[in-house]
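# Fold and contact review
Read off the chains here:
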Amino acid sequence: MSVKILTICCNWSPWACLNQAQMAGFVLPENLKVIRVMCIGRINQALILKAFEFGADGVLLLECHDEDCRYGPGPAVGHGNVQRVRKLLDLLGIDQHRLVEKSFGAHEKTELAQAIEDFADTIERLGPITQKERKADHYGGCET
Amino acid sequence: MINNSPNKIPQAAVLLLGAGYGAIKAAQDMAEAGKPLIWVTRAPHFLEVPLGKAAFTEWPEDLNFQFRPLYLRVTRHPLVTALTRTHVESIVREGEGYRVTLIQESPFVDYDLCTGCARCMEVCPLKDTTSPPLKRTPPYCPSRALDLDKRKKAPCREACPLGVNAQAYIALIAAGRFSEALEVIRRDNPLPGICGRVCHHPCEVACRRADVDAAVAICELKRFAADWELKAGKRPTLPPAGHKRQERVAIVGSGPAGLSAAYFLAREGFNVTVFEKESQLGGMLRIGINAFRLPRDILEMEIKAIEELGVEFKTSCPVTNVEELFEEGYKAVILCLGAHRDLKLGIPGENLPQVMGAVEMLKQVNMGSLKKLVGRVAVIGGGNSAIDAARAALRLGAEEVTIFYRREKGDMPALAKEIREAEEEGVNFTFRTAPVSIRGTSTVEAVEFIRMEMGEPDESGRRRPIPVEGSQFLSQADYVIVAIGQETDWSSLGGEFRWKDDRGRIVCLNGMMTGRPGLFAAGDVVTGPGTVVESMAQGRKAAADVADYLLGIEVRENEVTSFPGADYKEVPKVTEKLERVEARSREPHLRVKDFSEISHGLSEDEAIYEAKRCIQCAVCCECLACEEVCRSIGAIDHTRLPRTISFYAPAIVVAREEELADKKMLSEKQVHYIGSFNEATDIVNVLMAGSAAAGRAIMDTPSFGERKKGSRRTRLFQGDERKIGVFICTCNGTMAPTSVLENLTHLASLMPGVEKSALVFSACHPQGAEQIAREVRKNKLGRNILLSCACCPLEFQCISCNDQRNRVRLHLFNRLGLDRSRFEMVNMRDGLGYGMWSDNRMLARARDLLRESYFRLQFLGPLQEGQTSLGRSVLILGGSEVGIICARILDLQGFRVRLVHRCRIKGEELPSDVARRSLTEVEGQGVENISEAIVWGIKGHLGNFETRLEIEGRKRVLNSDIVCLTDLHLLPLAIPEGTFGLKKFYRYNFAFFNTPQIGLYRVMPRTLKRVSAGQAGAALAAHVASAAAEAYLKDHELSPRVDETRCRGCGRCVEICPFRAVTFKANSFGFYTAQVLRYNCVGCGGCVGRCPVTAMDMPYFSNRFLDDIVPFIFEGGKEPCR
């Protein structure tokens, strides 16, 4: 069974970087899913945990460099989230390497492609999470 | 919006001259302050390599990205007309301002239409060379549009009398695209097989490759292309004729001039009849040129191709009276009689039966009446006919053939190749001899010659031969062939023909028309004996004149395909020498035995090798392959002309003095120079100076421009939410293979609720967007998916955006009035791996993207909620020089300004320098001067600031739309820098006066270090004017909403927001809940993520969306339901 990777990507530098990488012909791993948010400060710990809960084997947060954040607090918030979620992952018995945050400038497309590849390799090596997976019983907003 | 179209250029506008970051900033300030602007640069774009850097790559690339949103916003601003590759022709005083004349170079690629699909680049035959004519704009440039490098017309093309585009067919042959090469040739020359064999190729004389080693064998390449077609089993075919016209045209003579005239007239749709007095067609091509040089089947097939266009040929049909043709109903007649009568030597013995003219002899040979010629043959003359006659004589059995020529070998008009081949075959040459008499009674016995010596050069540049007294000698001969030139044979038309001169040539009075209206002439009959290609050029010219005459066109517009100033590509270095390929031919001793063709032509490999030797002087070869693939887009047009633009400029801002013709202009009134910078200048200084220049220009033009009034909101099309539309951009066929996209469209149509799923040829193209809008309106689609390269429907531009993505949204939402909140857009283009992945993999990926976006549809919701009405009252705290200048400028702009000269923050002392400062009251209609005040605090937001002041012991609250702090000691009133690492915020906003709170501006000490107080004041005024220019300030489209019933007032959102966009307010129960000041909000969503009870939510990236997308993308097997 192949692993699944979720990338949560800030709309600014990393998104531009990802765009540039794809335009330049870097091919992203097929098992990589990307969610774009305006700022990495937008998401909270719950979302990261949710990803693990629903079957992600690795979560990669792509953010701007600390000093580049367009809004100010983004990377700091992201950083805090990662630290706290890692502690929780530890309690759950999930390898902490499955959650990684990386920061990029808009021009660092090669570095970004490399980082994604490395992360995909790491997760490939660690294999799928063996902890019990929860099935979505309400997903897709079907209850509404 | 999309404003480069010619009819949208304003009559009056501020001129902004030059590229660069200062200019970008100045453009932003002026445009946002409501001043129409024409922005001009010679460069291909408005970015400028920073000083001291050789290329953009040396610049921290990141900064180019940071400029991108601003660049896109400014260049597509409705008030900005951005013209690249444009220069100033003249600037003259006119009234208060200037009359400016600009010239824009031919925009071969239309920046507003180019979608960046790059199909043109793919089909360009020169794409793999070292200097491809079509290039993508470099990655730092915020557009995917392509750039076309076009120079002067190539010398080979200029040299060709017919103007055949040699460069293009060479390029196509080099790329192995032989049939296209042939198509290019046939645009200008219907007889490639013939010309490839017998042309005197002036193109090769002009060839610049000769500067390296030897000229490219252009003629052989043409022959190769024609032969290739025959080898491939095809018969020559010409492009089909245009729509049929009624007029009939008669052409007299089927030689090269007649054939070419017939072809070009037939292509125009005329009914053409060609009259030929001989029994077979071809004129001199058949009569005068030997079959071993020009095989008869080639001749016949190429004439046949012309016949197939609908040209009627009448052989053995001499025309005796031109007027009869007109009486028969021909509206025009072209005389292409050629020059078939041999000139006489005028010496004794010339009337002997064995003395023949060359044309007479060749005609007998080629028509089959002369089959044998035994004995010694003397040929007199040095032209191609002489050589042809000599070589024909050899093949007829003559034992000895000698050519007698009165000048040197190098002076012979015959082609060098012909002379060489004749020598190989055993033709003897005797130079510097002229015949005196022909001896013999009933048959020729000998020819008496006299030796010549070379005297002074004559008008032809060749040295004049002078007979040497007493050097007569006798040469034995059985036949004499006289090849000293030809003239037109007027016998059939009768001697009465009026329009000829005393040399027997027709005199054309008007183009190719003779004195008789409708009677034209072309070819040797006009010029005297010429070459095949010259005659064909004559024929073509006559055809064009006939068409003009019959259609009543007075002046034909010249095609301009090259522009001055762009010189040829440099000739490569000598080290790259490559030998020229010569076609192989049959062995001389074998070939003299028959009339079969002697040259084998080039092989495919040889042709490609030879074609690759071409330098491609003009870079773009104009093969027009790109125009063909760009047809539906219409961005590429090789014939666009430069245009001249004239307008009135009330003020001029100069960013680069190099763009200005006369640098003295800089000191004129109303001309503002952003300034010259050195390497040490940092980017902020440049921006600052740009802003200051904009401020001064704004001051110069108080009543110019308009301020938008009333609501800018137009009713957007809503549609029915249950109906879903899916639009897939094919990006002019480069998104994915058609089968993949068609499959995808089909899959989309099966999704629940999808009313319409359609392919769009290009979403960023005006017509593509119109197609989408039409479908949306027709089917009342309430929610739509667009799979293209645009990655979101939002209004702001982020640093990933480019011009094409931006254009999709401008077209759909601003121009065509669709609602962006009803659209979901996904960037499919960059994730699809076209060219790398298999079709199935691409389809799988595209399907994933489609499903994800379909899933997202349910979270679409209103984006923008409201607008704040903005007034024009400004409160300036601090009467420093900055404040005073700012107040003056704003007063002229019609702002209501309150200027507090000396003020201090409550509880602090007034600094001594401020206390000592003299009061300069600003006089103006709208200025209220307040000399002293104590500031208690500032509250509110843009459009509604409340400043509490103590003036002369009385407390007052001053309401204003904007507040400016111009004294240093007042800075603590703004949010200090450094809060939440906010330093970089200023860097990316490029607004040095900004505080995190929009509408509250301040002047920092570091700004005053960069520029003078006067400049700072002007820049500040520009900034205020641009902030207030929009009568309504919109909310941030992504600003969050607070669910008051859930908010528990913990204050985390207030704490995290660096922009003071979240505050508390008491709800109806008296509890304090969060409230978002939507005008301060920047839409990052930090507060939404921070909220522990999900009381806050934002559009587009909503909580529910994030909650649901995660399970969806991991367990997305099932289709989601609504």
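Residues numbered from 1 in each chain as written. Chains lettered and ligands numbered in written order. Predicted model: local features only at pLDDT ≥ 70, side-chain atom pairs only at ≥ 80, totals over all residues.

Moving on, we come to the overall build of chain A. Helices and strands together make up the secondary structure of chain A, namely four helices and four strands. Moving toward the C terminus, one meets the helices and strands of chain A in the order β-α-β-α-β-α-β-α. Relative to its 144 residues, chain A shows a buried fraction of 55%. A separation threshold of at least 6 residues defines the contact pool for chain A, and within that pool the share at least 24 residues apart is 81%. (Helix = DSSP H or I, 4+ residues; strand = E, 2+ residues; numbered from the N terminus. Buried ≥ 20, exposed ≤ 12 C-beta atoms within 10 Å, placed from the backbone. Contact = placed C-beta atoms within 7 Å.)

Pairing between the strands of a sheet is mediated by backbone hydrogen bonds and can be parallel or antiparallel. Residue and element names in this part refer to chain B. Pairing is parallel across the open sheet formed by five strands, whose spatial order is E10-E9-E8-E11-E23. Lying at the two open borders of the sheet, with one neighbouring strand each, are strand E10 (312-314) and strand E23 (519-521). With direction set aside, neighbouring strand axes in the sheet form an average angle of 20°. Where strand E8 (residues 248-252) lies against strand E9 (residues 271-275), five bridges are found, and the strand directions are parallel. Each bridged residue has a counterpart across the sheet, and for Arg-248 the counterpart in E9 is Asn-271. Of the strands in this sheet, E8, E9 and strand E11 (332-335) touch helix H10 (residues 256-267), which is tilted by about 165° from E9. (Pairing = 2+ DSSP bridges. Axes fitted to C-alpha atoms, helices over the stretch in contact; angles between N-to-C directions.)

Another point: the interface of chain A and chain B. Each partner contributes residues to the interface: chain A has 43 residues there, and chain B has 42 residues. Of all the secondary structure elements, the ones that give two or more residues to the side of chain A that touches chain B are helix H1 (13-23), strand E2 (32-37), helix H2 (45-53) and helix H3 (74-92) of chain A. At five residues, the largest contribution of residues to the side of chain A that touches chain B is made by H1(A).

Let us look at the packing of helix H24 (residues 766-778) of chain B against helix H25 (residues 803-815) of chain B. Residues and elements named next belong to chain B. One way to put it is that H24 packs onto H25 with a least axis distance of 9 Å and a crossing angle of 45°. Taken together, H24 and H25 sit at an angle that is classed as oblique. At the point where H24 passes H25, the crossing takes the right-handed sense. Counting all contacts with H24, which are made through Pro-766, Ala-769, Ile-772 and Ala-773, the residues of H25 involved are Val-808, His-811 and Leu-812. (Parallel < 35°, antiparallel > 145°, perpendicular 65-115°, else oblique. Left-handed = near helix turned anticlockwise from the far one by under 90°.)

Let's shift gears to the domain arrangement of chain B. Entries for chain B in the domain assignment read domain 1 (6-105 + 642-700), domain 2 (248-340 + 489-551), domain 3 (344-487), domain 4 (720-857), domain 5 (871-1029) and domain 6 (1041-1098). For domain 2 of chain B and domain 5 of chain B, the distance between their C-alpha centroids amounts to 85 Å. (Domains from an automatic or database assignment.)

Here we take up the sheet that holds strand E1 (residues 5-10) of chain A. Residue and element names in this part refer to chain A. Taken in spatial order, the four strands make up an open sheet running E2-E1-E3-E4, and their pairing is parallel. Of all strands in the sheet, those with a lone pairing partner are E2 and strand E4 (99-104), marking the two edges. The sheet shows a mean angle of 20° between the axes of neighbouring strands, taken without regard to direction. Sheet topology note: the E1/strand E3 (residues 58-64) ladder contains five bridges and is parallel. Residue pairing across strands places Ile-5 opposite Gly-58, the latter belonging to E3.

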